[in-house]
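# Structure assessment
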Amino acid sequence: MPEGISSELYGKYDHKLDPKNRVAIPSEWRHSEECPLILLEATKQNFPVIKAFSPEYFRSWVKSIRRKAAAMSDVSMAAIDSFIGHMYAECVSATISAQGKLLIPKKMCARLGLSGEARLVGRGPYFEVWSPEAFIAAEERELAALKCLNDEFGVF
């Protein structure tokens, strides 16, 4: 059986955030107990979000960024190293417990406005943690921005 989190995460889930800032992670997203994660605070559609990556996917993502940035003629290697260093500095290691709970650091909860409930959103190889209200507003903006693609493919 594979270890860690699934490499294909689907769906949207609303889960209670307990008083210790722990949220239940869907069982279908977990292949094993004690799943390691890397949490990165980000902004999407001008709203705060936490992106949760497996360590393997995070490393491959960083390699992809380094490769793409190196191909940019107007970006120095020092700037690339600084950018990637900043990414690492903003990350927090976390673990999904044997009980399927993820402890979200208190500072991240405060910056996202998380209290009482969190929305978990599968994004393929990683998932996001949102305040439900921010997700609704961000999804509306995201779908509006993707209208031309949806008109072409008729997915949403």
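All figures in this text were calculated on a predicted structure; none of them were measured in a lab. (Residues numbered from 1 in each chain as written. Predicted model: local features only at pLDDT ≥ 70, side-chain atom pairs only at ≥ 80, totals over all residues. Heavy atoms only, no water.)

### Notes on the pattern of salt bridges
Opposite charge on two side chains makes pairing possible when the charged atoms of those side chains draw close. For clarity, the threshold we go by: When a carboxyl oxygen of Asp or Glu is within 4 Å of a side-chain nitrogen of Lys or Arg, the pair counts as a salt bridge. What counts as a helix is a DSSP run of H or I of at least four residues, what counts as a strand is a run of E of at least two, and both are numbered from the N terminus. Each residue is placed in one exposure class: buried if its accessible area under a 1.4 Å probe, protein chains only, is under 20% of its type's maximum, exposed if it is over 50%, and partly exposed if it falls in between.
Tallied over the entire structure, the rule returns 11 salt bridges. With a shortest N-O distance of 2.5 Å, Lys 12 and Glu 139 are connected by a salt bridge. Taken together, the positions of Lys 12 in strand E1 (residues 12-16) and Glu 139 in helix H4 (residues 132-145) put the pair 127 residues apart, joining distant regions of the chain. Judged by relative accessible area, which is 48%, Lys 12 ranks as partly exposed. Judged by its relative accessible area of 23%, Glu 139 is partly exposed.

### Structural notes on a positive patch on the surface
Inclusion rule: Patches were defined on residues exceeding 30% relative accessible area and lacking a salt bridge, with like-charge contacts within 9 Å and nonpolar side-chain contacts (Val, Leu, Ile, Met, Phe, Trp, Tyr) within 5 Å. Where accessible areas are quoted, they stem from the Shrake-Rupley method and a 1.4 Å probe; at the residue level, only the protein chains shown are allowed to cover. Neither His nor the chain ends is counted toward charge; the positive residues are Lys and Arg and the negative residues Asp and Glu. Here the site of a charge means atom NZ of a Lys, CZ of an Arg, CG of an Asp or CD of a Glu.
Where like charges cluster on the molecular surface, the positive patch consists of Arg 59, Lys 63, Arg 67 and Lys 68. Within the secondary structure, Arg 59 sits in helix H1 (residues 55-70).

### Focus: the environment of His 31
The residue His 31 is located in the loop between strand E2 (22-24) and strand E3 (35-44) in this model. With relative accessibility at 26%, the residue His 31 sits in the partly exposed group. With 51 residues separating them along the chain, His 31 and Ser 82 place their C-alpha atoms 34 Å apart.

### Overview of H1
Threshold: Expected helix span is computed as 1.5 Å times (number of residues minus one). Residue contacts are defined here by distance: any two heavy atoms, one from each residue, within 4.5 Å place the two residues in contact.
Helix length check: H1, at 16 residues, gives a terminal C-alpha distance of 22 Å against a target of 22 Å (1.5 Å per residue), a fit within 8%. Burial in H1 covers these residues: Pro 55, Phe 58, Val 62, Ser 64, Ile 65 and Ala 69. Buried residues along H1 sit in contact with E3, strand E4 (47-53), helix H2 (77-90) and strand E5 (91-96).

### Regarding the side chain of Arg 119
The criterion, for reference: Polar contacts, as used here, are pairs of N or O atoms within 3.5 Å; protein pairs need one atom able to donate a hydrogen and one able to accept it. Residues neighboring in sequence count only if both atoms are side-chain atoms.
Note that Arg 119 resides in strand E7 (residues 117-122). Here Arg 119 falls in the buried class, since its relative accessible area comes to 14%. A polar contact is formed between the side chain of Arg 119 and the side chain of Asp 14, at a distance of 2.6 Å. Contacts of Arg 119, omitting those with residues within four sequence positions, involve Tyr 13, Asp 14, Glu 128, Val 129, Trp 130, Pro 132, Phe 135 and Ile 136.

### A word on the side chain of Glu 128
Tracing the chain through its elements places Glu 128 in strand E8 (residues 127-130). Engagement of the side chain of Glu 128 in a polar contact is seen with the side chain of Arg 123, the distance being 3.0 Å.

### Here's the deal with the packing of aromatic side chains
Put simply, the rule reads: Only the six-membered ring of Trp is used, alongside the rings of Phe and Tyr, when aromatic pairs are assigned; centres must lie within 6.5 Å, and planes under 30 degrees apart are stacked while those over 60 apart are edge-to-face, with the rest tilted.
Under the defined criterion, the tally for this structure stands at 10 aromatic pairs. Look at Tyr 13 and Trp 29: their rings are 5.4 Å apart centre to centre, the planes differ by 90°, and that puts the pair in the edge-to-face class. Residue Tyr 13 is found in strand E1, and its partner Trp 29 is found in the loop between E2 and E3; the two are separated by 16 residues along the sequence. Under the relative-accessibility criterion, Trp 29 is labelled buried at 2%. With a centroid separation of 6.4 Å and an interplanar angle of 20°, the aromatic rings of Tyr 57 and Tyr 126 are classed as stacked.

### Here we look at a nonpolar patch on the surface
Together, Leu 143, Leu 146, Leu 149, Phe 153, Val 155 and Phe 156 line one region of the surface with nonpolar side chains, adding up to about 630 Å² of accessible area. Assignment of secondary structure puts Val 155 in the segment after helix H5 (147-153).

### Section: the pairing of E7
Under the convention used in this document: A pair of strands is considered paired only if DSSP assigns at least 2 bridges between the two.
With five of six residues buried, E7 is to be regarded as a mostly interior element. Pairing of E1 with E7 involves five bridges; the strand directions are antiparallel. Counterpart to Tyr 13 in the pairing with E7 is Leu 120. Taken together, the four bridges between E7 and E8 define a ladder with antiparallel strand orientation. Bridging across to E8, Gly 122 finds its partner in Phe 127.

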